[in-house]
Amino acid sequence: MADGRWSPGRKETDADEFRPALDIVEPGRQRRLTVFFRLLILIPHFIVLFFLHIAAFFTVIVGWFAALVLGRLPDPLFRFLARFLGYDMRVSSSQMLLIDRYPPFALTPPPDYPVQIDVRPTALNRLAVLFRIFLMIPAAIVQSLAVYGWWALAFVWWIITLVLGRMPRPLFEATAATLRYRMRFSAYAMMLTPAYPKGLFGDDDLAAPGHARSATRPLVMSSAGKWLVVLFLVLGLAGNVTTSVTTTTTSDDTTELTGRP
């Protein structure tokens, strides 16, 4: 990432293992009209992301074989996947009401855009690459529960932001933490980093007064923000359990009616 506004400070960048970073500017007021129509105005981006996801899927497959041989992702594959991830995060940040500015239709954003990611090419452990699909299962469960829990109450967050004209700080913290964890999981799954996803509850251990580079770097969370993350996880777990029970019950009822397993 270029020096200047989005330059990293002495935080995660100086840790023994660099973790992909998500920079989002301090939350401000949002236009209620754009909040009201947020999902509708993002439809063109959802269409673009659909095709980019397909391209990224096949790129990851090629990258997996290449990383096994080379011990790293080839530069062209790394650049495409990193830019795809950044585009996804810009659209998701707008979708989750973290920012008001409309995402650009570009894999490389303007330097002043309020959402940026920082991922860096590095060597990969071939054994970890070989078993990547198994290693990422615990993180996949955590990010799935957190994201599902956020969306379970998405209408409530939308109403709050619409009425206030801004996202309250604790809700911003919890939403940013959820999105950042999803970004780190995606970066790990796509072999953009060897660092396992961490930091769902913020960066209290990395905080240092006067060195913040954005509202999320480091992401220092209040107690209310952390409790909201817990709420997301609980709602996500409850939703998945309910879905599993409903599916099982429906399957049993169908078996009884048809007399066939």
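Residues numbered from 1 in each chain as written. Predicted model: local features only at pLDDT ≥ 70, side-chain atom pairs only at ≥ 80, totals over all residues. Heavy atoms only, no water.

**Notes on the pattern of salt bridges**
Oppositely charged side chains are able to pair whenever their charged atoms sit close together. Applying the stated criterion to the full structure yields 10 salt bridges. A salt bridge links Arg31 to Asp100, with the shortest nitrogen-to-oxygen separation between them at 2.7 Å. One end of the pair, Arg31, is in the loop between β1 (21–24) and α1 (32–36); the other, Asp100, is in the loop between α4 (75–95) and β2 (115–118), with 69 residues separating them in the sequence. Residues Arg101 and Asp112 are paired through a salt bridge, measuring 3.5 Å at the closest nitrogen-oxygen approach. Of this pair, Arg101 sits in the loop between α4 and β2 while Asp112 sits in the loop between α4 and β2, placing them 11 residues apart in sequence. Here Arg101 falls in the partly exposed class, since its relative accessible area comes to 35%. (Salt bridge = Lys/Arg side-chain N within 4 Å of Asp/Glu carboxyl O. Helix = DSSP H or I, 4+ residues; strand = E, 2+ residues; numbered from the N terminus. Buried < 20%, exposed > 50% of the residue type's maximum accessible area, 1.4 Å probe, protein only.)

**Some words on the nonpolar core**
When a protein is soluble and globular, its nonpolar side chains tend to lie buried together. Judged by nonpolar contacts, the single largest core of 56 residues is most densely connected at Leu22, Ile24, Leu85 and Leu192. Of all the secondary-structure elements, those providing two or more residues to this core are β1, α3 (43–70), α4, β2, α7 (137–152), α8 (154–164), α9 (169–189) and α10 (223–258). The biggest single contributor to this core is α9, with 11 residues. In contact with Leu22, not counting residues within four places along its chain, are Met89, Val115, Gln116, Ile117, Ala176, Leu179, Arg180, Met183 and Thr216. (Core = buried A, V, L, I, M, F, W, Y, C linked by side-chain atoms within 4.5 Å. Contact = heavy atoms within 4.5 Å.)

**Details of the pairing of β1**
Every second residue of β1 is oriented toward a common face, with Ala21 and Asp23 on one face and Leu22 and Ile24 on the other, all of them buried. Of the strand pairs in this sheet, β1 and β2 are connected by four bridges, and their pairing is antiparallel. Each bridged residue has a counterpart across the sheet, and for Asp23 the counterpart in β2 is Gln116. (Pairing = 2+ DSSP bridges.)

**Points about α8**
Burial in α8 covers these residues: Ala154, Trp157, Trp158, Thr161 and Leu162. Seen from one end, α8 has its buried residues packed into an arc of 130 degrees, which puts them on one side. For α8, the exposed residues set more than 90 degrees away from the buried face come down to Phe155 and Val163. Note on α8: the residue one or two positions beyond its end, Gly165, has a positive phi of about 75 degrees. (Arc of directions from axis to C-beta.)

**A closer look at the side chain of Asp100**
Take Asp100: its relative accessible area is 16%, and that puts it in the buried class. Among the polar contacts made by the side chain of Asp100, one reaches the side chain of Arg38 at a distance of 3.0 Å. (Polar contact = N/O pair within 3.5 Å; in protein donor to acceptor, adjacent residues only side chain to side chain.)

**Observations regarding α4**
For α4, which comprises 21 residues, the first-to-last C-alpha distance of 30 Å matches the rise-based estimate of 30 Å (1.5 Å per residue) to within 8%. Counting buried residues along α4, 15 of its 21 residues qualify, which places the element largely inside the surrounding structure. At the exit of α4 stands Leu97, carrying a positive phi of roughly 70 degrees. (Expected span 1.5 Å × (residues − 1).)

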